[in-house]
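Coordinates in review
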Amino acid sequence: MIDSYIKALITYAVNHGLIEESDMVYCTNNILALLKKDAYDNSCNEASGEINELLDALCDYAAENGIIEDSITYRDLFDTALMGALTPRPSQVIEKFKSLYADSPEKATDYYYTLSGDTNYIRRDRIAKILKWQHNGDYGTIDITVNLSKPEKDPKAIAAAKNAPQSGYPKCQLCRECEGYAGRVDFPARQNHRIIPITIDNSGWFMQYSPYVYYNEHCIVFNGAHTPMKIDKAAFSKLLEFVTLFPHYFIGSNADLPIVGGSILSHEHFQGGRYEFAMERAPIEKEISFAGFENVSAGIVKWPMSTIRLLSDSRESLAELADKILNAWRGYTDESAFIFAHTDAPHNTITPIARRRGEKYELDLVLRNNITTEEHPLGVYHPHAELHHIKKENIGLIEVMGLAVLPPRLKDELEALADAIVNGKDLLADNKTALHAEWVKDFIGNHSDINSENVMDILKAEVGKVFATVLEHAGVFKRDEAGFAAFMRFIESV
């Protein structure tokens, strides 16, 4: 029976261009070795199913025969090894990418993105589980997602990791040494992972896709050296150089300070892709100018987070002006607006995003500050405590641009809330709903006829409003008369 799944997997690899027909016997034997089988019946009927179903069946066999433990972490490690045996060598992938790029950057990325899914590096079945909807509000149409693509923590793997010897290889999950790595209980397997070398700022960089794909063609561009994140003129130049190489993609960087930065500050990297975020559609609400940069159009963006948009034909002028704004912001203090450049540590930085507008270059500079207080220990410019029932985590690049990445718990909690609201249950009686009781109390009166048909749509709309407020909390200059005046004081100081 298991032979039929092996046969189907090999056929899948041929049909998706991972291997050639002449590779079939060789690759079959590699799969047999992983399954610790020394015999195979090629005359068997071929199993049917999607790639994840074929791999699940092979993982079931491995677990039943004591090859792996039957838990999500060990199954992920094993099915990645299976797909690694069928994934083209890095040199083959690079050669094809370069050949396609010579014709069109879009053709090259189309090939590479498809390959990353066909090898199951991007687990399409998990990506499909992500809850997605859109919310129309004061800042246009923003995207809301509940992230269900990452597997839950595995208790067996957590216990095993505690007892495992510590390894410093690879140094982090962004290092180039991850390509082909077998993984371990505390580090994902990457045998089916391929990276593309690119040259940025006259140095070696690499491009890959995120295995979690929060939006279309979500790519990560990372320094070939394990060097810390840093926002400076060179970073702006690198972003603008990338969108020269790949004009159909945007690219941005998380900030380089804790709280307002990304989850990995130890390795310089950017995130990009082929997606139009609400921020990109947001209009300029006030035009501004900077002396000496007459070839740069500038303005304040109508966006909950304080954003300066620059537009020019000249990459060099954009990078120079962005650096001037960054340096001014790094040292800027306005006590009346609760902006402090430095207390016990530096607080001001920028989240930059680059894109093309036709032949021109556009750079959005989002002003960030990571100061904390007793009232707001996680950050003054961070979701405040009353919003933590929906979003408590840091606001990174993706959310800055208008795509909420909300925790997996919300799926069950929203379903429990819908049931409780329609059936008049006590929200405080259930842990899944108690956290949201005050929130529901605040908005329930605004909806006269809530029923089983519309309750989830109402909840999703209210979540969208909360996320807009999350972004407003993260904005350093508030969207009122005093905040606008404070924003203009900074502009004038540059």
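Note: the structure precedes this text.
A brief look at the structure comes next. (Residues numbered from 1 in each chain as written. Predicted model: local features only at pLDDT ≥ 70, side-chain atom pairs only at ≥ 80, totals over all residues. Heavy atoms only, no water.)

Structural notes on the environment of Leu34
With respect to the element layout, Leu34 can be found in helix H2 (residues 24-34). For Leu34, a relative accessible area of 29% gives the class partly exposed. On a C-alpha basis, the gap between Leu34 and Asp70 in space is 16 Å, while along the polypeptide they are 36 residues apart. If we ignore the near neighbours within four places in the chain, the residues touching Leu34 are Ile67, Phe78, Ala81, Leu82 and Ala85. (Helix = DSSP H or I, 4+ residues; strand = E, 2+ residues; numbered from the N terminus. Buried < 20%, exposed > 50% of the residue type's maximum accessible area, 1.4 Å probe, protein only. Contact = heavy atoms within 4.5 Å.)

So, the pattern of salt bridges
Applying the stated rule across the entire model yields 31 salt bridges. Ionic pairing is found between Arg274 and Glu217, a salt bridge with its closest N-O pair at 3.4 Å. In this pair, Arg274 is assigned in the loop between strand S7 (269-273) and helix H10 (278-281) and Glu217 in the loop between strand S4 (203-209) and strand S5 (219-223), connecting sequence segments 57 residues apart. On the basis of relative accessible area, Glu217 is assigned to the buried category, the value being 5%. Linking Arg489 and Asp334 is a salt bridge whose minimum nitrogen-to-oxygen distance equals 2.8 Å. Linking Arg489 in helix H17 (residues 481-493) with Asp334 in the loop between helix H11 (315-330) and strand S11 (348-357), this pair joins segments that are 155 residues apart in sequence. Here the salt bridges share partners, and the residues they tie into one network are Glu280, Arg309, Arg355, Arg357, Glu362 and Asp364. (Salt bridge = Lys/Arg side-chain N within 4 Å of Asp/Glu carboxyl O.)

Points about the sheet that holds strand S12 (residues 360-369)
Pairing is antiparallel in the open sheet, where ten strands are placed in the order S3-S4-S5-S7-S6-S11-S12-S10-S9-S8. Whereas interior strands pair on both sides, the edge strands pair on one side only; in this sheet they are strand S3 (196-200) and strand S8 (284-288). Across the sheet, the mean angle from the axis of one strand to that of its neighbour is 25°, orientation sign disregarded. In this fold helix H6 (residues 105-118) packs onto S3 and S4, with an angle of close to 55° to the strand it touches most, S4. (Pairing = 2+ DSSP bridges. Axes fitted to C-alpha atoms, helices over the stretch in contact; angles between N-to-C directions.)

Considering unusual backbone geometry
Excluding glycine, most residues fall at negative phi; most peptide bonds, likewise, are trans. Cis geometry marks the peptide bond from Tyr169 to Pro170; its omega dihedral reads -20°. A positive phi is found at Asp201, a non-glycine position, where the angle reads about 55°. Structurally, Asp201 can be placed in the loop between S3 and S4. The exposure class of Asp201 is partly exposed, given its relative accessible area of 39%. Backbone geometry places Ile259, a non-glycine residue, at a positive phi of 75°.

With respect to the nonpolar core
By size, the foremost hydrophobic cluster in this structure holds 96 residues, and its most contacted members are Met207, Val221, Phe242, Leu310 and Phe477. Counting residues per element, this core draws most heavily on helix H1 (residues 2-15), which supplies nine residues. In this view, Leu310 contacts Phe290, Val296, Ser297, Ala298, Leu318, Leu321, Ala322, Ile325, Tyr361, Glu362, Leu363 and Leu365; residues no more than four positions away in its chain are not counted. Formed by 50 residues, the second largest nonpolar core is a distinct cluster that contains Ile144, Ile395, Ala420 and Ala474. (Core = buried A, V, L, I, M, F, W, Y, C linked by side-chain atoms within 4.5 Å.)

A short note on the sheet that holds strand S2 (residues 140-146)
A sheet is described by the order of its strands in space; here three strands give the open sequence S1-S2-S13, paired in mixed fashion. Each edge of the sheet is formed by a strand with only one pairing partner; in this case those strands are strand S1 (131-137) and strand S13 (403-406). Averaged over all pairs of adjacent strands, the angle between their axes in this sheet comes to 20°, without regard to strand direction. Two elements, S2 and S13, share four bridges in a ladder whose sense is parallel. Of the residues in S13, the one forming a bridge with Thr145 is Val405. Across the face of the sheet, helix H16 (residues 455-474) comes into contact with S1, S2 and S13 while running at roughly 105° to S2.

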